[in-house]
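Coordinates in review
Letter by letter, the chains look like this.
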Number of protein chains: 2
Amino acid sequence: MARWIDATARDFDDVFQAFLKEPRGAVENVAETVREVIRDVRENGGEAVARYTSQFDRLVLDPTTLQSDNVDLHALAAGCPADLKEAIDFAAARIAAYHEKQRPDDHQFTDDAGVELGWRWTALDSVGVYVPGGLASYPSSVLMNTVPAKIAGVKRVVMTAPAPGGQLSPAVAYAALKAGVDEFYPIGGAQAVAALAFGAGHLKPVDKIVGPGNAYVAEAKRQVFGVVGIDTIAGPSEILVIADETANPDWIAADLLSQSEHDASSQSILITVNKAVGTSVDKSVEKQLKSLSTELRAREAWNAHGAIILARSLEQAAEIANEIAAEHLELAIADPDSLLPSIRHAGAVFLGHHTPEALGDYVTGSNHVLPTSRAARFSSGLGLYDFLKRMSVQRAGREGFGALAPAALRLAEAEGLPAHARSVSIRTNEGGGHG
Amino acid sequence: MARWIDATARDFDDVFQAFLKEPRGAVENVAETVREVIRDVRENGGEAVARYTSQFDRLVLDPTTLQSDNVDLHALAAGCPADLKEAIDFAAARIAAYHEKQRPDDHQFTDDAGVELGWRWTALDSVGVYVPGGLASYPSSVLMNTVPAKIAGVKRVVMTAPAPGGQLSPAVAYAALKAGVDEFYPIGGAQAVAALAFGAGHLKPVDKIVGPGNAYVAEAKRQVFGVVGIDTIAGPSEILVIADETANPDWIAADLLSQSEHDASSQSILITVNKAVGTSVDKSVEKQLKSLSTELRAREAWNAHGAIILARSLEQAAEIANEIAAEHLELAIADPDSLLPSIRHAGAVFLGHHTPEALGDYVTGSNHVLPTSRAARFSSGLGLYDFLKRMSVQRAGREGFGALAPAALRLAEAEGLPAHARSVSIRTNEGGGHG
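The rules behind the values
- Residues numbered from 1 in each chain as written.
- Chains lettered and ligands numbered in written order.
- Predicted model: local features only at pLDDT ≥ 70, side-chain atom pairs only at ≥ 80, totals over all residues.
- Heavy atoms only, no water.
- Helix = DSSP H or I, 4+ residues; strand = E, 2+ residues; numbered from the N terminus.
- Contact = heavy atoms within 4.5 Å.
- Areas by Shrake-Rupley, 256 points an atom, 1.4 Å probe, with all protein chains shown as cover.
- Lys, Arg positive; Asp, Glu negative; His and termini not counted.
- Charge placed at Lys NZ, Arg CZ, Asp CG, Glu CD.
- Buried area = accessible area lost by both parts, 1.4 Å probe.
- Salt bridge = Lys/Arg side-chain N within 4 Å of Asp/Glu carboxyl O.
- Polar contact = N/O pair within 3.5 Å; in protein donor to acceptor, adjacent residues only side chain to side chain.
- Nonpolar A, V, L, I, M, F, W, Y, C, P; charged D, E, K, R; others polar.
- Pairing = 2+ DSSP bridges.
- Patch = residues over 30% accessible without salt bridge, like charges linked within 9 Å, V, L, I, M, F, W, Y side chains within 5 Å.
- Buried < 20%, exposed > 50% of the residue type's maximum accessible area, 1.4 Å probe, protein only.
- UniProt positions renumbered as here; feature names shortened; annotations may be inferred.
- Axes fitted to C-alpha atoms, helices over the stretch in contact; angles between N-to-C directions.
- Least-squares fit on C-alpha atoms with pLDDT ≥ 70 in both.

A closer look at the overall build of chain A
Broken down by element type, chain A carries 16 helices and 14 strands. Seen through its C-alpha atoms, chain A measures out along the principal axes to roughly 85 × 60 × 40 Å. In chain A, once contacts between residues fewer than 6 apart in sequence are set aside, the share between residues at least 24 apart is 74%. Accessible surface, chain A as shown: approximately 15,500 Å² in total, 51% of it carbon and sulfur. When the 39 basic and 55 acidic side-chain charges of chain A are each reduced to a single mean position, those positions are 4 Å apart.

Here it is in C-alpha cells:
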C-alpha cells in the first residue's frame, strides 16, 4: 500500500508541508573534496585530469590530448544497432524542429523621448555538455543537451563522458555524432567540470557547462559558476499525476513507475479527486512492480517517496501541484485545458490520457532537461535560451540625450558618483564638431 | 600615463591574454564562514539573524518580526528631497515601460505528427531583492531589480538592506516604495541571503534572490543556489569604449572615469584606431581625475586595471571587444551601426557620441544589472525573463501517440528503463473507455 495523504483532512497543511520537506537522496558535503580537485586541475592541467581518470575510471589518457586509443567515438557509434540509430535520428529531428521555434526575435524601438532602445540575441561561442556514466548515461540526454546548442548557433560543443575501463555506450556515441558534438573527451567527475571551465591540455575552456551529474559534478558546477555559466543543478527525477475518474489506473500506475525506476530517490505522486481511482492505481502499482526488471529501485523509491493524495476538487489539486512544482506534471483528466490556466509551477505539463511523460522524455521534441526539487518555482527547462544571451542596445541622439540628462545628473549626484555626473554634464555644454 | 597595449604588435596575443587574466579584487575564500552562517540561520531562524545584525550592523531587531523601531521605510522615504523623488519617478516609469516590452508570448503549435506542443510563461510567486549597504547602496539598483519583478507579475517582492546603526538612504527607501516592494527587512550579509532562502521569523522563504553584494553575499547566493534561484554573481564594474577620430576625447575620458570611480577593482578600457585620440584621452583622464571627489579610488582603478588599446581597424577592435565581453560597451564612432553586427559579447552596447553609459545606468529604461567579469560570454543582463519561467506543455492525441510510440519504446528499451517502455506500450493495446 502506498502512503495516502488526505487533502480534505484538517491537518493536511501540516502533513503536506512535512512531506514536502522530506529529504530525497543523501546530502553529501563534498565541497572540500571538489575544491581540491578544481585547484589541482587549474594548477596541473591535463596531468591532473589524466591522473584522476586513471584513478577513478581505470582509463589511461594522454595528458596533452586527453584522449585514449581505447575510446573512439566513431568506432563506438558504428556499433549502435540500426533500429536504435533510426529512433535516435527521429528524436533528434523532432528536438531540432521544436527548439527552432524558440528562436527569439531581436527588438528595437524608439520611445517618446527619441531614444532608441532594444536588444539583440547572440549565441554562446562554446558549450560543454557533461554526460554522466553508469546508470544515467542516456543517448536521449545527449540529444537534449546538444541539439538545442547547435540550433542556437553555438560553434563549439564539447562533450565529456566518463568511459570506465574504456566502456562507453554505442548509443551515446551515435547520439553525440548525430547531434553535432565538435569535441569529445572521455573524462568525468569534478575533474571534467574543472577542465571544461579552466581548460586542460588541448581542451580549451568553454563558456557554459550543461548536463546532469552526481553530487561531485553538481558541486563542481556550483563552484565554477561565474567563471562559466551553468544550467540548473539537477536533482532526483519526479512525476506528479492529477487524475480524475476518466483516467485508466493501469496507465497511471505505469507512468508513476516510469519515474520511480530512475533511482531510489525519485518521487512519484498521484493526486486524485476520485478515491476509487486512487485505490485502483495503488493496487496496479503493486502488481506492475513485480514484473519490472528495475523493481528493486522502483519499489524503494515508491515506498520512500511516493504518495497518493486525495483532493476535494481539481482546483485544490492544482494548488497542491503548484506547491510541489514538479518536474513533470500529467493532467490525466477529462478536460485538461480547463485546469491548465491554474497551473503556475511545473517543468513540463502533459495533457490528457495519451501523453505519458515518457513520450516527452524521448520524442515529442520538447526538452526533457527540466527543473527538479521544486526548482520549477523559479526556473525553466533547458531551451534555446540557455545557449543565447541578450545584449541590450541603446542610442540617445542629441534630442533623446537632452530629455534624459537632468534626471541622470540628479541621480548620479544623489549616489555620490561625480564622474557619472560629469559624463552627462560634459555633453550638455557642447563646443562643436562632435556628435 | 595609462597603460598602452599595441594590438598591431607581434606579441599582442600573449600580452592581451595575460591582461585578461589579471585578477581584480581580492579573491577571498569565505565559503566556510558563509556555510556556518547559513547553518546557523537554518537552525536558529530569526534569533540567529538578529544576533548577526546586532553584531555586524549594531542594530537591534525583534527576532520574530526582524524589524527595528529605528528603521521605518515610509518615514525614511519622506526625507527624500522632492527633486530626487522626481528623478526616481522618471527613472521608474522608463524602466517599467522598457521591461513591459520584454513580455514573451506563450506559444502553441501542432506538428505534422498531430502532436500539440508549446509553452506558457508564468511569473515567480516571490522574489528577494538584496540591496547592499555602504558605498553601493543605490536607489537606481533598487529600481532596476524591483521594477521588472513587479512588471513580470511577481506578487511578493521582499527587499533586504543592511541599516548599520539604523541608517538607511532615504532615496533607497523612496525607490523601494515607488518600485512596489511588498516587505522590507533591515538585514544584510550572508544572514540576509540565508533568511531569504530558508525563512527566518516572519520572513517566509522566497523563490529567487537577486541583487549585488560583497564577497559574503555572493558566496551565500552561490551556496543557496538550487534551493532558490539566483541572478548572476556580480563582480567589479567595467566599461569598454571603442573610439575613432570622431570621438571627443574629453567625453571619452569622463565615460572611462565613470566606471573607475565605482571602486578600486573597476576596469575602464579604451580601444581606439586613432593614436591621437588615445593620447588625448590619456591626458584628459589625468586632468579630470584631479577634480573628482572620488579621485582616490578612480585613480587606483585606472592605474591598476585601465588600458588604452591601439587597434589596426574597427573590425579588430570588435574582435578584441568580444574577447573582453565587457559589461558596458560604448561605440563612440562615426557609424556604430556598421560595427554592431560584429559585436557578439557585451552586456549593454551604447551607440554614438550622445549615449554615455551613465544614461543607461539611470534613465534609458534598459536594465543596468549586467554581466561582469566576462560573463557576457554566457549570460544576459537582468530582464523580465529573470522573473518568469517557461512551462513546456504537450499533448499527443491517439494519432500523435501512435506516431511517436515506436521510437519512444525503442529508446526506453535501449536505456534499460522498462517502466518507461510500459507507460507507452500499455497505451498501444487499448481495451476501451479511456482516452
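Digging into the interface of chain A and chain B
With 134 residues of chain A at the contact, the number on the chain B side is 134 residues. Surface buried jointly by chain A and chain B totals about 11,500 Å² across both partners, of which 58% is contributed by carbon and sulfur atoms. Notably, a salt bridge pairs Asp337(A) with Arg395(B), separated by 2.8 Å at the nearest N-O pair. Across the contact surface, chain A and chain B share 75 residue pairs in polar contact (both at pLDDT 80 or more). With 11 residues, the top contributor of residues to the side of chain A that touches chain B is helix H15 (residues 398-414) of chain A. Each residue belonging to the side of chain A that touches chain B can be placed in one class, and the counts come to 64 nonpolar, 39 polar and 31 charged. Examined bridge by bridge, strand S13 (residues 348-351) of chain A and strand S14 (residues 388-396) of chain B share three bridges and lie parallel to one another. Each bridged residue has a counterpart across the sheet, and for Val349(A) the counterpart in S14(B) is Val393(B).

Thoughts on a negative patch on the surface
A surface patch of negative charge is lined by Asp6(A), Asp11(A), Asp13(A) and Asp14(A). The topology assignment puts Asp13(A) in helix H1 (residues 12-21).

Here's the deal with unusual backbone geometry
All names here are of chain B. Its identity is not glycine, yet Arg58 carries a phi of approximately 50°, on the positive side. Topologically, Arg58 is positioned in the loop between helix H2 (31-57) and helix H3 (73-78). Exposure remark for Arg58: the relative accessible area of 59% places this residue in the exposed category.

Focus: the UniProt feature "binding site: substrate" (unreviewed entry) in chain A
Within the UniProt annotation, "binding site: substrate" (unreviewed entry) is assigned to Ser237(A), Gln259(A), His262(A), His328(A), Asp361(A), Glu415(A) and His420(A). A maximum C-alpha distance of 55.4 Å is found for the annotated residues, which run over 184 residues; spatially they are spread out rather than grouped. Looking at the secondary structure, you find Asp361(A) in helix H14 (residues 357-362). Beyond its immediate sequence surroundings of up to four residues, Asp361(A) is in contact with Ser140(A), Met144(A), Gln259(A), His328(A), His368(A) and His420(B). As for its position among the elements, Glu415(A) is in the loop between H15 and helix H16 (418-428). For Glu415(A), a relative accessible area of 10% puts it in the buried group. Residues in contact with Glu415(A), not counting those within four places in the same chain, are Tyr138(B), Pro139(B), Ser140(B) and Tyr362(B).

Quick word on the sheet that holds strand S9 (residues 238-243) of chain A
Strand order in the open sheet formed by nine strands is S1(A)-S11(A)-S10(A)-S9(A)-S12(A)-S13(A)-S14(B)-S3(B)-S2(B), and the pairing between neighbours is mixed. Single-partner strands in this sheet number two, and they are strand S1 (4-6) of chain A together with strand S2 (107-110) of chain B. Here the average twist between neighbouring strands, direction ignored, is 20°. Pairing between strand S3 (residues 115-123) of chain B and S14(B): nine bridges, direction antiparallel. Paired with Gly118(B) across the strands is Val393(B), a residue of S14(B).

A look at the relation of the copies chain A and chain B
Turning one copy of the chain about an axis and sliding it along that axis gives the other copy, so a rotation and a shift relate them. The transformation that overlays chain A on chain B combines an axial shift of 0.0 Å with a rotation of 180°, and the residual RMSD is 0.0 Å. Both copies are brought into coincidence by an operation consistent with a two-fold rotation axis. Closest to the rotation axis within chain A is the C-alpha of Arg222(A), separated from it by 3.4 Å.

Focus on the side chain of Asp386(B)
Mapped onto the fold, Asp386(B) is located in the loop between helix H14 (357-362) and S14. In contact with Asp386(B), other than residues within four places in its own chain, are Arg390(A), Leu124(B), Lys208(B) and Gly381(B).

A closer look at the pattern of salt bridges
Counted under the stated rule, the structure contains 52 salt bridges over all chains. Between Arg156(A) and Glu183(A) there is a salt bridge, and its shortest N-O distance comes to 2.7 Å. Separated by 27 residues along the polypeptide, Arg156(A) in strand S5 (residues 156-160) and Glu183(A) in strand S6 (residues 183-185) bring together distant segments of the chain. Under the relative-accessibility criterion, Arg156(A) is labelled buried at 16%. Among the residues examined, Glu183(A) registers a relative accessible area of 22% and is labelled partly exposed. Residue Glu323(B) pairs with Arg374(B) through a salt bridge whose shortest N-O separation is 3.9 Å. Within this pair, whereas Glu323(B) is found in helix H12 (residues 314-324), its partner Arg374(B) is found in the loop between H14 and S14, the two being separated by 51 residues in sequence.

Thoughts on the UniProt feature "active site" (unreviewed entry) in chain A
Residues and elements named next belong to chain A. According to UniProt, the "active site" (unreviewed entry) feature falls on Glu327 and His328. Here Glu327 is to be found in the loop between helix H12 (314-324) and strand S12 (328-332). Residues contacting Glu327, with those up to four places away along its chain left out, are Ser237, Glu238, Gly347, Ala348, His368, Leu370, Pro371 and Thr372. Mapping His328 onto the fold places it in strand S12. Among residues more than four places away in sequence, those in contact with His328 are Ser237, Glu238, Ile239, Leu240, Gln259, Ala348, Phe350, Glu357, Asp361 and Leu370. Here the side chain of His328 touches Glu238 through a polar contact of 2.7 Å, landing on its backbone oxygen.

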